[in-house]
Amino acid sequence: MEQPPGDDNDYQTEEEVQEKLRQYDEDNPAFYVIVEPDGRVRTETYDAEAEQEAAAETIVGDDEVIIGWDPILAPPFRVDKQMTQGACCEAFTDQFVEAPKQFKSVQLFDPVRYRSFPTSQGNHTAWYFHIGKPPKATSGRRFLVLRLRGAPVEASLISLNSDLKPLYYSRRLPLDSIPESWHSVGYQEARVLVEDKGVESFILYLDMKPAEDMSLEIRWADGYAPFQ
């Protein structure tokens, strides 16, 4: 890189910067701090790529996979065509957050920063997110896990196609409560099985005003449970 006259700064090329970052990550690996039940503390190196590869290699039988996943989004259970053809959610295009990568968590925080979603019972705070089309080599099943942290809530889920037209409406989404433990805060979890290739986006709206520290974690995978 050419320097302007009189400029003594040491400029680096993009390749040099990337190499320094790579070397830093290699010299300073991420790690977990784990507290054993007997109080002993140990560390364990965290390798994101290795964890994703291990999850992808875990083959689960069909019967085992389906148990515990509710709702199941499959074409026979779509809403009436009249509802799909109507105007619903296109006006919220700019509110959707991308979550396109399998096994990679996306965190959404305080939902009041997004536009309220109107229903016949009034406006509701909501999160809007987009997971995209199924992979080319799809299994025909995508597994979506939603983890809500903060005060307990009731929530509903609208599943949309690429044009943001509703395909499914899950009123009072089933939420399992996972209690706080020594290594995690408590949370509510929804497990959604997506068998409809047309589903690409979601609106999750809450039936009550959320606490300020409310957050939503999104993770999905094709053919495998995204959390192992």
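This structure is a prediction, so every number in the text was calculated from the model and none was measured.

**Student:** Give a detailed account of the overall build of the protein chain, specifying residues and quantitative values.
**Tutor:** Helix and strand content of the protein chain: 4 helices and 15 strands. Of the contacts made within the protein chain by residues no fewer than 6 positions apart, 74% connect residues no fewer than 24 positions apart. Of the roughly 14,100 Å² of accessible surface on the protein chain, a fraction of 50% belongs to carbon and sulfur atoms.

**Student:** Let's hear about the environment of W69: which residues, and what values?
**Tutor:** Tracing the chain through its elements places W69 in the loop between helix 3 (62-66) and strand 3 (72-73). Overall, W69 belongs to the buried group, its relative accessible area being 5%. The spacing of W69 and V194 is 125 residues in sequence and 9.5 Å in space, taken between C-alpha atoms. Apart from residues lying up to four places away in sequence, W69 is in contact with F143, L144, V145, R191, V192, L193, A225 and P226.

**Student:** Any chance you could break down the pairing of strand 13 (residues 187-194) for me, citing the residues and the numbers?
**Tutor:** Look at any regular strand and the pattern is simple: side chains alternate between the two faces of the sheet. Most of strand 13 is tucked away: 7 of the 8 residues are buried. Bridging between strand 9 (residues 142-149) and strand 13 involves 7 bridges; their strand directions are antiparallel. Looking at strand 13, one finds that L148 is bridged to Q188. Where strand 12 (residues 176-178) lies against strand 13, 3 bridges are found, and the strand directions are antiparallel. Note that in strand 13 the partner of S177 across the bridge is Q188.

Conventions and cut-offs
Residues numbered from 1 in each chain as written. Predicted model: local features only at pLDDT ≥ 70, side-chain atom pairs only at ≥ 80, totals over all residues. Heavy atoms only, no water. Helix = DSSP H or I, 4+ residues; strand = E, 2+ residues; numbered from the N terminus. Contact = heavy atoms within 4.5 Å. Areas by Shrake-Rupley, 256 points an atom, 1.4 Å probe, with all protein chains shown as cover. Buried < 20%, exposed > 50% of the residue type's maximum accessible area, 1.4 Å probe, protein only. Pairing = 2+ DSSP bridges.

Everything listed is a geometric property; what it means functionally is a separate question.
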